[in-house]
Each structure stands twice: as structure tokens, then as C-alpha cells.
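# Residue-level structural notes
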Amino acid sequence: MNLLKTSLLAMVLFCTVTSCSKDTEVVVEETTDYTIDLNLANETDWEMANEILDLINQHRSSQGLALLKSDQQYASAYAVDHTLYMIDLEEINHDHFDVRKKALKKRGAKIVGENVAFGYPTAEEVVNAWLNSEGHRQNIEGDFTHSGFGVIEAPDGRVYFTQLFYKK
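In every chain, residue numbers begin from 1 and rise along the written sequence. Per-residue local features of the predicted model are confined to residues with pLDDT of at least 70, and side-chain atom pairs are confined, for both listing and counting, to 80 or more; whole-chain, interface and lining totals are unaffected and use all residues. Side-chain descriptors were evaluated using all non-hydrogen atoms of the structure, hydrogens and water having been removed beforehand.

A word on unusual backbone geometry. At Glu90, a position not held by glycine, the phi torsion is positive, near 60 degrees. Secondary structure elements are taken from DSSP: a helix is a run of H or I of four residues or more, a strand is a run of E of two residues or more, and numbering for both begins at the N terminus. When you line up the elements, Glu90 lands in the loop between helix 3 (74-89) and helix 4 (97-106). A positive phi is found at His96, a non-glycine position, where the angle reads about 65 degrees. Tracing the backbone through its elements, the reader meets His96 in the loop between helix 3 and helix 4. For the exposure calls, accessible area comes from a 1.4 Å probe over protein chains only, and a residue counts as buried if that area is under 20% of its type's maximum, exposed if over 50%, partly exposed in between. The partly exposed category is assigned to His96, whose relative accessible area is 49%.

Pasting the structure below:
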């Protein structure tokens, strides 16, 4: 098994329920196509996504931080796309985060972060889990202005989450 696969496996095993990522540098070929079907954003569970955003903004407010605005277009389309990918694999991961990051940067984002999770039945439970994880909390409390969501229930009933953060 190559070093990358070993590292990814270790990360998945270490973060069996949640994982996070922040603006890491990965080389991507400039020929990458960053187009996305904006209709994907409609597939997210917006009721739960809005609850997550409300809870995160309550936390940010308690820390004296600016509130995040919901991006129900590009960031959410990319988040849904990644959530569907995780559902297909039946595991959480940050595969191809560099593509999502670069796509949002091409649309004006300065920095990009990502939280993922699965298996939490409520917005409160997933937000509490993220707040109790240093890496996830750093994204929640980060210097971001907008957030997009991919919140989708898998066929087995587990809910998968991708939350993209970015600063315009």
C-alpha cells in the first residue's frame, strides 16, 4: 500500500465519525474542469442545513465572531457532490478537497475549509461533535464569511454531512 493510501487509511481510522480539513496545499493540474451542476444544491436537506448554520452562528456570536452567510449555490453544489461521493463509498473523507477548494477560489474565495461527518441524526448532535473536536472547531471559528452544505440521508438511514467554509 503506498504512503498516501496508508496515511488516508490512518486518518479515516483515527476519525471514525468525523473529520475536517483546512486550506491545505495540493498540486492540481490547471486543466481541471471546475464546473458543477448548481441543481445539486437542491438535494441537500435544507431544513437540517439551516439548523446547523443557526447553531454554528450562535456559537460564532458567543465568541464575538461574524456570522456566516449561507451559500445555496456553488459551495452547496460542491458539498452535495462530495456528500454523494462519501455515501457511495460508505465512508467519510476529504478526497478531492483540493478541487473543491480551487473551484471556490476561482469564484473569489480567499480561503476554504471543510468539515465532514456521518451518523448524527440531528443538527445539534453533529454541531456538538464538531465543537468538541479541535480541528472542526477551528473551521467553525475560522476567518470565514460563507458556508455551503451537503446534508443527505443515505439509503441505510445514516445522514452524511459536508460543510464547506470560505472567505470572500
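A side-chain nitrogen of Lys or Arg and a carboxyl oxygen of Asp or Glu constitute a salt bridge if their distance falls within 4 Å. Tallying each qualifying case throughout the model produces three salt bridges. In this structure, Asp143 and Lys167 form a salt bridge, with 2.7 Å as the shortest nitrogen-oxygen distance. You can see Asp143 sitting in the loop between helix 6 (134-140) and strand 4 (146-153) and its partner Lys167 sitting in strand 5 (residues 159-167), a full 24 residues away along the chain. Arg158 is paired through a salt bridge with Asp156; the nearest N and O atoms lie 2.9 Å apart.

This part is about the side chain of His59. Relative to the elements of secondary structure, His59 occurs in helix 2 (residues 46-62). Assessed through its relative accessible area of 15%, His59 is described here as buried. Polar contacts, as used here, are pairs of N or O atoms within 3.5 Å; protein pairs need one atom able to donate a hydrogen and one able to accept it. Residues neighboring in sequence count only if both atoms are side-chain atoms. Here the side chain of His59 touches Glu141 through a polar contact of 2.6 Å, side chain to side chain.

Below, the discussion takes up the environment of Thr145. Within the secondary structure, Thr145 sits in the loop between helix 6 and strand 4. For Thr145 and Tyr166, which are 21 residues apart along the polypeptide, the C-alpha to C-alpha distance reads 6.1 Å. The contact rule is simple, with two residues in contact once any of their heavy atoms fall within 4.5 Å. Ignoring sequence-local partners within four residues, the contact set of Thr145 consists of Leu67, Leu68, Lys69, Tyr166, Lys167 and Lys168. In this structure the side chain of Thr145 is engaged in a polar contact, spanning 3.0 Å, whose partner is the backbone nitrogen of Lys168.

Further remarks concern the pairing of strand 4. The element strand 4 is largely enclosed, with a buried count of seven among its eight residues. The pairing criterion for strands is at least two bridges between them, as found by DSSP. Here two bridges tie strand 2 (residues 69-70) to strand 4, and the two strands are oriented parallel to one another. The partner of Ser70 across the bridge, within strand 4, is Ser147. Bridge analysis of strand 4 against strand 5 gives eight bridges, and the strand direction is antiparallel. Counterpart to His146 in the pairing with strand 5 is Tyr166. Counting the residues between successive antiparallel strands, the hairpin from strand 4 to strand 5 contains five residues, one of them, Gly157, with a positive phi of roughly 95 degrees.

Any residue range with low pLDDT should be treated as having predicted coordinates unsuitable for detailed reading. As a per-residue quantity, pLDDT reports the predictor's confidence and falls between 0 and 100. When pLDDT is averaged across the chain, the result is 85; 82% of the residues are at 70 or more. Ignoring residues within four places in sequence, the model shows residues 1-19, a span with pLDDT below 50, making 24 contacts including any to other chains. Taken as a whole, residues 21-29 scores under 50 in pLDDT and shows 26 contacts with residues more than four places along the chain or in a different chain.

Another aspect to go through is the packing of helix 3 against helix 4. Two numbers describe how helix 3 lies on helix 4: the axes approach to 10 Å, and their chain directions differ by 170 degrees. In terms of orientation, helix 3 and helix 4 fall into the roughly antiparallel class. In this structure, helix 3 uses Tyr74, Ala75, Tyr78 and His82 to contact helix 4, whose residues at the interface are Arg100, Ala103 and Leu104. Ten residue types, Ala, Val, Leu, Ile, Met, Phe, Trp, Tyr, Cys and Pro, are classed as nonpolar, four, Asp, Glu, Lys and Arg, as charged, and the remainder, Gly among them, as polar. Among the residues making up the contact of helix 3 with helix 4, the classes are represented as five nonpolar, one polar and one charged. Where helices are involved, their axes are fitted lines through C-alpha atoms of the stretch in contact, as for all axes, and angles between N-to-C directions lie from 0 to 180°. Any angle that is under 35 degrees is reported as roughly parallel, and any over 145 degrees as roughly antiparallel; angles of 65 to 115 degrees are reported as roughly perpendicular and all others as oblique.

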